[in-house]
Amino acid sequence: MIKTIILDFDGTLGNTQMIILRSMQATIKELQLPERTDEQCAAMIGLPLTQCFTDLYPDFAETVVDAEKGAVCAATYRRLFDVFNEKGAVPLFPHVPETLQTLHQRGIQLTIASSRSHMTLDAYVRDLNLSYCIQYILGVEDVDVKEAKPGPGPVLKTLRDFGLQPEECIVVGDTKYDIQMAHNAGVRAVGVTYGNGSREEMEAEKTEWIIDDFAELLDIV
């Protein structure tokens, strides 16, 4: 029996791709880094923010963004993101509100595990009127960086905090990093195809369920 669903936010609940790409591209431009396409930037979504930039240039012979530069990129990104993050900039995906409401009414505990900051997640949950059903949130700073997504840390912490067994929980996310996080913790995963990842990535990770609409989660649970 599934008692708890661990949800990713970006690309799973909230459609943040446009504001993320805008912030990444503005960061690259401001810091005069080599250009990247939107597709290359989108492939980093789901990783901790500093790693988004340190991993952004795998095709260069020499390191373009080291850990120190990555921290500068992250700070610049956060500043620019706050500028672009106007009210209404991040909508929920279709069928997310009513599906969460139904799951909540069924007694399923809904949590969030994200590489985004806890403060920003709190604000989105509040502003998107999800506080009634999501009361447990893990942001990037809530888990040891060595265990962060795609490591198992967020899932293992959730299991510990609620006394759950792996089979009582599923992870729902839109990228291979979410699926890897789930499997690294011994938990089954649901991949959504409408976010930042692809069906091919989900299949390569042997994702247990792949859905094209968030409402399909009701049939799984």
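You'll find the structure just up there.
Attention in this report is confined to the structure presented alongside it. Everything quoted here is computed from the prediction, not taken from an experiment.

Conventions used here
Residues numbered from 1 in each chain as written. Predicted model: local features only at pLDDT ≥ 70, side-chain atom pairs only at ≥ 80, totals over all residues. Heavy atoms only, no water. 1 Å grid on protein atoms, 1.4 Å probe; cavity = no way out; pocket = protein on both sides within 12 Å on 5 of 7 lines; lining within 4 Å. Points joined across faces, edges and corners; volume = space filled by probe spheres on them. Helix = DSSP H or I, 4+ residues; strand = E, 2+ residues; numbered from the N terminus. Nonpolar A, V, L, I, M, F, W, Y, C, P; charged D, E, K, R; others polar. Salt bridge = Lys/Arg side-chain N within 4 Å of Asp/Glu carboxyl O. Buried < 20%, exposed > 50% of the residue type's maximum accessible area, 1.4 Å probe, protein only. Phe/Tyr/Trp six-rings, centres within 6.5 Å; stacked < 30°, edge-to-face > 60°. Core = buried A, V, L, I, M, F, W, Y, C linked by side-chain atoms within 4.5 Å. Contact = heavy atoms within 4.5 Å. Pairing = 2+ DSSP bridges. Axes fitted to C-alpha atoms, helices over the stretch in contact; angles between N-to-C directions.

**What about the layout of surface pockets?**
Then, number 1: Reported here for the largest pocket is a volume of approximately 810 Å³.
Then, number 2: Looking at the lining of the largest pocket, the elements with two or more residues in it are helix H1 (17-30), helix H3 (49-54), helix H4 (67-84) and helix H6 (118-127).
Then, number 3: Among the elements that make up the lining of the largest pocket, the one with the highest residue count is H6 (five residues).
Then, number 4: Classifying every residue of the lining of the largest pocket by side-chain character gives 20 nonpolar, nine polar and nine charged.

**What to know about the pattern of salt bridges**
Then, number 1: What the rule picks out here adds up to nine salt bridges.
Then, number 2: One salt bridge in this structure joins Asp178 and Lys149, with 2.7 Å as the shortest N-O distance. Separated by 29 residues along the polypeptide, Asp178 in helix H8 (residues 176-184) and Lys149 in the loop between strand S3 (134-138) and helix H7 (153-162) bring together distant segments of the chain. Note on accessibility: Asp178 and Lys149 belong to one class, buried.

**Some thoughts on the packing of aromatic side chains**
Then, number 1: Going through the model one piece at a time under the given rule, you end up with six aromatic pairs.
Then, number 2: Plain terms: the ring middles of Phe53 and Tyr77 are 6.3 Å apart, the flat faces sit at 65° to each other, and that makes the pair edge-to-face. Residue Phe53 is found in helix H3, and its partner Tyr77 is found in helix H4; the two are separated by 24 residues along the sequence. The two residues Phe53 and Tyr77 agree in class, both being buried.
Then, number 3: Considering the side-chain rings of Tyr136 and Phe162, the 4.7 Å spacing of their centres and the 75° angle between planes classify their relative orientation as edge-to-face. Residue Tyr136 is found in strand S3, and its partner Phe162 is found in helix H7; the two are separated by 26 residues along the sequence.

**A look at the nonpolar core**
Then, number 1: By size, the foremost hydrophobic cluster in this structure holds 55 residues, and its most contacted members are Ile5, Leu7, Leu13, Phe53, Leu100, Ile134 and Leu217.
Then, number 2: Sort the elements by how many residues they give to this core and H4 lands first, with six residues.
Then, number 3: Among all residues touching Phe53, those that are not within four sequence positions of it are Met24, Thr27, Ile28, Val65, Cys73, Ala74 and Tyr77.
Then, number 4: Core analysis: the second largest hydrophobic core is formed by 14 residues, Leu159, Met181, Ala185 and Ala189 among them.

**Here's the deal with H8**
Then, number 1: Those residues of H8 that fall on the buried side of the exposure criterion are Tyr177, Asp178, Ile179, Met181 and Ala182.
Then, number 2: In this structure, the buried residues of H8 make contact with strand S2 (109-113), H7, strand S4 (169-173), strand S5 (188-192) and helix H9 (199-204).
Then, number 3: Positive backbone phi, approximately 75°, marks Gly186, located one or two places after H8.

**Side note on the sheet that holds S3**
Then, number 1: Strand order in the open sheet formed by six strands is S3-S2-S1-S4-S5-S6, and the pairing between neighbours is parallel. If you trace the sheet from one side to the other, it starts and ends with S3 and strand S6 (209-211), each paired once. When the angles between neighbouring strand axes are averaged without regard to direction, this sheet yields 25°.
Then, number 2: Bridge analysis of S4 against S5 gives four bridges, and the strand direction is parallel. The residue of S5 that forms the bridge with Val172 is Val190.
Then, number 3: Contacts from H6 reach S2 and S3 within the one sheet, and its direction differs from that of S3 by about 160°.

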